[in-house]
Amino acid sequence: MTAVTTAMTLLPLAAQEMSRLTDSLQYRAETQATIADCDHTPLWLNANRYGLSAVKGSYAYLRGALQRPLSADDGRRWGIGYGADVAVATGMTSTLVVQQAYIEARWLKGVLTLGAKEQPMELKNPELSSGSQTLGINARPVPAVRMALPDYWTVPGTNGWIAVKGHASYGKTTDGGWQKDFTDAQTRYIQGSWLHTKAGYLRLGPKNITLEAGIEMACQFGGETYHLAGPADEAVYKNGQNIKAFWKALVPLAGQDATDDVYTNVEGNHLGSWLMRLNMDYATWNLGVYADHFFEDQSSMFFLDNDGYGTGDDWNKTTRSRFFLYDLKDMLLGVELRLKNHHWLDDIVVEYLYTKYQSGPVYHDHTTAISEHISGKDDYYNHSLQTGWQHWGMVMGNPLYRSPLYNDDATIRVKNNRFTAWHLGLSGTPVSRLHYRLLATWQRGYGTYHLLLHEPQENVSLMGEASYRLTHSWQVKAALGMDHGKLLGDNLGCQVTLRWEMKN
């Protein structure tokens, strides 16, 4: 009787918990059509949309999503969230797109996520910024196991002055089939690549003046690289994907790729950014000043590299404390001003990007004859074995690095990674149901160190977008975009989105 009584007591509780896991559901249906009267879709009609877009011509999709956010369990010690987000598309890299499919659990402030989920961009305005250089919002999410402290946790005993957040994840890319098709198996592509990301952020200061600083890092590793020089010349490299490879992705202190020969470096494609943002928050305005410095290796991460190699039999050994110092030049610098009482214009973002330096124009490995070691030509977003910082042809960082989807020669490479740019973003909500944003970007591109343009190419990209909430559930959005110049071409297009949302 005791067991029966206990079961009868627990069953209603279990049923109640199961019922709770289906409350607070959010439903969304969306259709979008983009019409471009040109070879390419205007930049700001395709960029920073988590890869659910196309860069060539017109495209459209019908999208449906169901989500239970973790915020549904706010106030509890633990929470459960999940979501599914699927689109049927035309004019894109695939017809059926599983954009998101995930389940996540929270205990106190820690969150474990399994699956593909769109993760937000840190320390920048996702609506108005040109985008982060490392962990951006320009490509499709990678299915991953992700452990995170997503919101700032105040360190006890610091009186609210010190807070931290961050994450670490391992995932597997899903674009192997697309890579083979895009290259027609005639140029370099990779199958079964892994992705590791990690980030940590520190916040200092009282509530109205704070300084945020952090680091974002990523590593592409594993898989099989098909390094093709022609139809009859094929080399297949099986990259490390054992436990040691996962460790070397986490701690990039040593390792070697299959093509490194005697010059040991690190295993995989390691990259990242140093981030900083100063916030000043007052009653009527908020000002943020931020920086994002991208790095591909030690020379651009710490601005110095070992140059103390010996001679003779010691040509490949460090025999003295000597280092080559690199300049701090490459940077995304931004300013954001939020006007709390000015609805017609409530947010202004101005950014400047400079990526021409890349540790200088010289790369020379030390040899038996010349011991000098200079680690320039960093070639941002590209790698010798991995297919660079991209997923499904879209760069996973800032879209001003021209994505491989633009290439017409079946190569998966970023062909414009040395550039300067100015970017402006404006937004406002003049009436309660109407919101708009304006984006304007000027860019001058120089190609890459390995493939210089004959002369610099410039481009201006513009977009105006307005969204209007018809009812509580229905919203319509219209946008007009254009590019002008030699870098992306002369492009003109319009975009219309109709969205329905409901919460239970």
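Look above for the structure.
Here is a short report on the structure shown in this document. Predicted, not measured: the structure shown is a model, and the values here were computed from it. (Residues numbered from 1 in each chain as written. Predicted model: local features only at pLDDT ≥ 70, side-chain atom pairs only at ≥ 80, totals over all residues. Heavy atoms only, no water.)

**Remarks on the side chain of E296**
Then comes step 1: Looking at the secondary structure, you find E296 in the loop between β14 (285–295) and α4 (298–301).
Then comes step 2: Summary of buried charges: E296 has no salt-bridge partner, and the nearest side chain of opposite charge, R413, is 9.6 Å away.
Then comes step 3: Side-chain polar atoms of E296 contact the backbone nitrogen of Y381, separated by 2.6 Å.
Then comes step 4: Contacts of E296, omitting those with residues within four sequence positions, involve N269, H270, L271, D378, D379, Y380, Y381 and N382. (Helix = DSSP H or I, 4+ residues; strand = E, 2+ residues; numbered from the N terminus. Buried < 20%, exposed > 50% of the residue type's maximum accessible area, 1.4 Å probe, protein only. Lys, Arg positive; Asp, Glu negative; His and termini not counted. Salt bridge = Lys/Arg side-chain N within 4 Å of Asp/Glu carboxyl O. Polar contact = N/O pair within 3.5 Å; in protein donor to acceptor, adjacent residues only side chain to side chain. Contact = heavy atoms within 4.5 Å.)

**Examining helix α2 (residues 176–183)**
Then comes step 1: Of all the residues in α2, the buried ones are G176, W178, Q179, F182 and T183. Each buried residue of α2 sits inside an arc of 160° when the element is viewed along its axis, so together they form one side.
Then comes step 2: If you follow the buried residues of α2, they end up packed against β8 (189–191) and β21 (390–391).
Then comes step 3: Following α2 by one or two positions, D184 adopts a phi angle in the positive range, close to 55°. (Arc of directions from axis to C-beta.)

**Topic: the packing of aromatic side chains**
The geometry of an aromatic ring pair is captured by two quantities: the separation of the ring centres and the angle between the planes.
Then comes step 1: If you walk through the whole model with that rule in mind, you get 15 aromatic pairs.
Then comes step 2: On the numbers, 4.9 Å between centres and 35° between planes, the contact of Y282 with W285 is tilted.
Then comes step 3: Residue W285 is classed as partly exposed on the basis of its relative accessible area, which comes to 30%.
Then comes step 4: Ring plane angle 50° and centroid distance 6.5 Å describe the contact between F294 and Y401, whose orientation is recorded as tilted. Of this pair, F294 sits in strand β14 while Y401 sits in the loop between β22 (394–395) and β23 (419–431), and the two are 107 residues apart along the sequence. Across the pair, exposure class does not vary: F294 and Y401 are buried alike.
Then comes step 5: The structure contains a cluster of three or more aromatic residues connected by ring pairs, namely F294, Y380, Y381, Y401 and F419.
Then comes step 6: Positioned over the ring face of Y201 is K165, at 5.7 Å from the centre of the ring.
Then comes step 7: Sitting over the ring of Y446, K356 keeps its end group 4.3 Å from the ring centre. (Phe/Tyr/Trp six-rings, centres within 6.5 Å; stacked < 30°, edge-to-face > 60°. Lys NZ or Arg CZ within 6 Å of the ring centre and 35° of its normal.)

**A word on empty space enclosed by the protein**
Then comes step 1: For the structure shown, the criterion picks out five cavities of 30 Å³ or more.
Then comes step 2: Reported here for the largest cavity is a volume of approximately 60 Å³.
Then comes step 3: Surrounding the largest cavity, H293, S299, S300, F303, Y326, D327, L328, K329, D330, Y357, S359 and Y380 form its lining. (1 Å grid on protein atoms, 1.4 Å probe; cavity = no way out; pocket = protein on both sides within 12 Å on 5 of 7 lines; lining within 4 Å. Points joined across faces, edges and corners; volume = space filled by probe spheres on them.)

**Here's the deal with the environment of K165**
Then comes step 1: Position of K165 relative to the elements: it lies in strand β7 (residues 162–172).
Then comes step 2: By relative accessible area, K165 is classed as buried at 14%.
Then comes step 3: Each C-alpha atom of the pair K165 and H40 lies 39 Å from the other, and the pair is 125 residues apart in sequence.
Then comes step 4: Once you skip the residues sitting within four places of it in the chain, K165 turns out to touch E122, L149, P150, D151, Y152, A199, G200 and Y201.

**Structural notes on the pairing of β23**
Then comes step 1: Direction of pairing for strand β18 (residues 347–354) relative to β23: antiparallel, over a ladder of eight bridges. Pairing of E351 across the sheet is with H423, part of β23.
Then comes step 2: Relative to strand β24 (residues 434–447), β23 runs antiparallel, the two being bridged by eleven bridges. Bridging from a neighbouring strand, V431 pairs with L434 of β24. (Pairing = 2+ DSSP bridges.)

**Regarding the nonpolar core**
Then comes step 1: Ranked by size, the top nonpolar core spans 44 residues in total, and within it L43, W44, Y381, W389, L400 and Y401 carry the most contacts.
Then comes step 2: Elements with a contribution of two residues or more to this core: α2, β9 (194–204), β13 (269–281), β14, β18, β22 and β23.
Then comes step 3: Take this core: its biggest share by element is three residues, from β9.
Then comes step 4: Once you skip the residues sitting within four places of it in the chain, Y401 turns out to touch Q133, T355, Y380, Y381, V395, V414, N416, N417 and F419. (Core = buried A, V, L, I, M, F, W, Y, C linked by side-chain atoms within 4.5 Å.)

**Quick look at the environment of R418**
Then comes step 1: Along the chain, R418 falls in the loop between β22 and β23.
Then comes step 2: Residue classification places R418 among the buried residues on the basis of a relative accessible area of 9%.
Then comes step 3: Residues R418 and T448, 30 residues apart in the sequence, show an inter-C-alpha distance of 5.7 Å.
Then comes step 4: Contact partners of R418, with chain neighbours within four places excluded, come to T355, K356, Q358, R444, G445, Y446, G447, T448, Y449 and L452.

**Observations concerning the side chain of T420**
Then comes step 1: Mapped onto the elements, T420 comes out in strand β23.
Then comes step 2: With relative accessibility at 9%, the residue T420 sits in the buried group.

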